[in-house]
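Next come the chains, spelled out residue by residue.
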Amino acid sequence: MQAAKSINIVLADDDKDDQLLTREALEESLVKSELSIVNDGVELLSFLKREGEYEHLSSESLPDLILLDLNMPRMDGRQALAAIKADPDFRRIPVVILTTSKAEEDMFKSYDLGAASYLSKPVTFEGLVDLMRSLGRYWVEFVEFPGKQRSYQ
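Residues numbered from 1 in each chain as written. Predicted model: local features only at pLDDT ≥ 70, side-chain atom pairs only at ≥ 80, totals over all residues. Heavy atoms only, no water.

Section: the side chain of Thr99
By the secondary structure assignment, Thr99 is in strand β4 (residues 95–99). A distance of 3.3 Å separates the side chain of Thr99 from the side chain of Asp69, its partner in a polar contact. Excluding residues within four positions of it along the chain, Thr99 makes contact with Asp69, Leu70, Asn71, Tyr118, Leu119, Ser120 and Lys121. (Helix = DSSP H or I, 4+ residues; strand = E, 2+ residues; numbered from the N terminus. Polar contact = N/O pair within 3.5 Å; in protein donor to acceptor, adjacent residues only side chain to side chain. Contact = heavy atoms within 4.5 Å.)

Here you go:
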């Protein structure tokens, strides 16, 4: 029997409650994953570039998946998505928008910038667990990722 694949996820969200709920929902969903959390787009780019407080991660692989909130301080999700997709080292990392925004304009802009998916945050914890289970199952069981290396170039 083949061992279950694991997925390395980074969540960019400034809401501490959403961070905690997402972590708990992933655990409840039984998706084999490692979750790193950053608070905004500036921190996300530092995490990806392994700069500043993330320099110690320089020998580790880049994340398999980014969960990105749109509305954050300093650098919002739209700006972070544009920066990620413009960088040849990061553009192949799938970015899933996970936001409370249901604005059609945000959805169009996210897809235009290269988002892999656009998901609305569920209003209940059970809904979030179901979403994490489905999201995890899709990204772990069905998606093929480029090789695990420092750079995806």
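What about the packing of aromatic side chains?
Taken as a whole, this structure holds two aromatic pairs when the rule is applied. Look at Phe47 and Tyr54: their rings are 5.3 Å apart centre to centre, the planes differ by 75°, and that puts the pair in the edge-to-face class. Considered together, Phe47 and Tyr54 belong to a single accessibility category, that of buried residues. Relative to Trp139, the ring of Tyr138 has its centre 5.1 Å away and its plane inclined at 85°; by these criteria the two rings are edge-to-face. We classify Tyr138 as partly exposed; its relative accessible area is 43%. Overall, Trp139 belongs to the buried group, its relative accessible area being 6%. The ring of Phe47 is capped by Arg50, whose NZ or CZ atom sits 4.8 Å from the centre of that ring. (Phe/Tyr/Trp six-rings, centres within 6.5 Å; stacked < 30°, edge-to-face > 60°. Buried < 20%, exposed > 50% of the residue type's maximum accessible area, 1.4 Å probe, protein only. Lys NZ or Arg CZ within 6 Å of the ring centre and 35° of its normal.)

Let's talk about the pattern of salt bridges
Throughout the structure, instances matching the rule amount to seven salt bridges. Ionic pairing is found between Arg133 and Asp130, a salt bridge with its closest N-O pair at 3.2 Å. Here the residue Arg133 and the residue Asp130 both occupy positions in helix α5 (residues 125–142), the gap between them amounting to three residues, near one helical turn. Classification of Arg133 as partly exposed rests on a relative accessible area of 37%. With relative accessibility at 44%, the residue Asp130 sits in the partly exposed group. (Salt bridge = Lys/Arg side-chain N within 4 Å of Asp/Glu carboxyl O.)

A word on α5
Between the first and last C-alpha of α5 there are 25 Å, a value that for 18 residues agrees with the 26 Å anticipated at 1.5 Å per step. Those residues of α5 not exposed but buried are Leu128, Val129, Leu131, Met132, Leu135, Gly136, Trp139 and Val140. Angular distribution of buried residues about the axis of α5 spans 160°; they occupy a single face of the element. Residues Glu126, Ser134 and Phe142 are exposed on α5 and point more than 90 degrees away from its buried face. Buried residues along α5 sit against β1 (7–12), α1 (16–29), β3 (65–68), β4 and β5 (117–120). (Expected span 1.5 Å × (residues − 1). Arc of directions from axis to C-beta.)

Concerning unusual backbone geometry
You will see that Arg50, though not glycine, has its phi angle at about 60°, which is positive. As for its position among the elements, Arg50 is in the loop between α2 (41–49) and β3.

Let's talk about the environment of Leu11
Residue position: Leu11 is located in strand β1. Leu11 gets classed as buried once you look at its relative accessible area, which sits at 1%.

With respect to the pairing of β4
Strand residues, when the strand is regular, have side chains that alternate between the two faces of the sheet. Buried residues dominate β4, accounting for five of its five residues. Of the two faces of β4, the one holding Val95, Ile97 and Thr99 and the one holding Val96 and Leu98 are both buried throughout. Once the chain exits β3 it traverses helix α3 (residues 77–86) before rejoining the sheet at β4, and the crossover so formed is right-handed. As for the winding sense of the linkage, the β-α-β connection from β4 through helix α4 (residues 104–113) to β5 is right-handed. (Right-handed = clockwise from strand over helix to strand, strands pointing away.)

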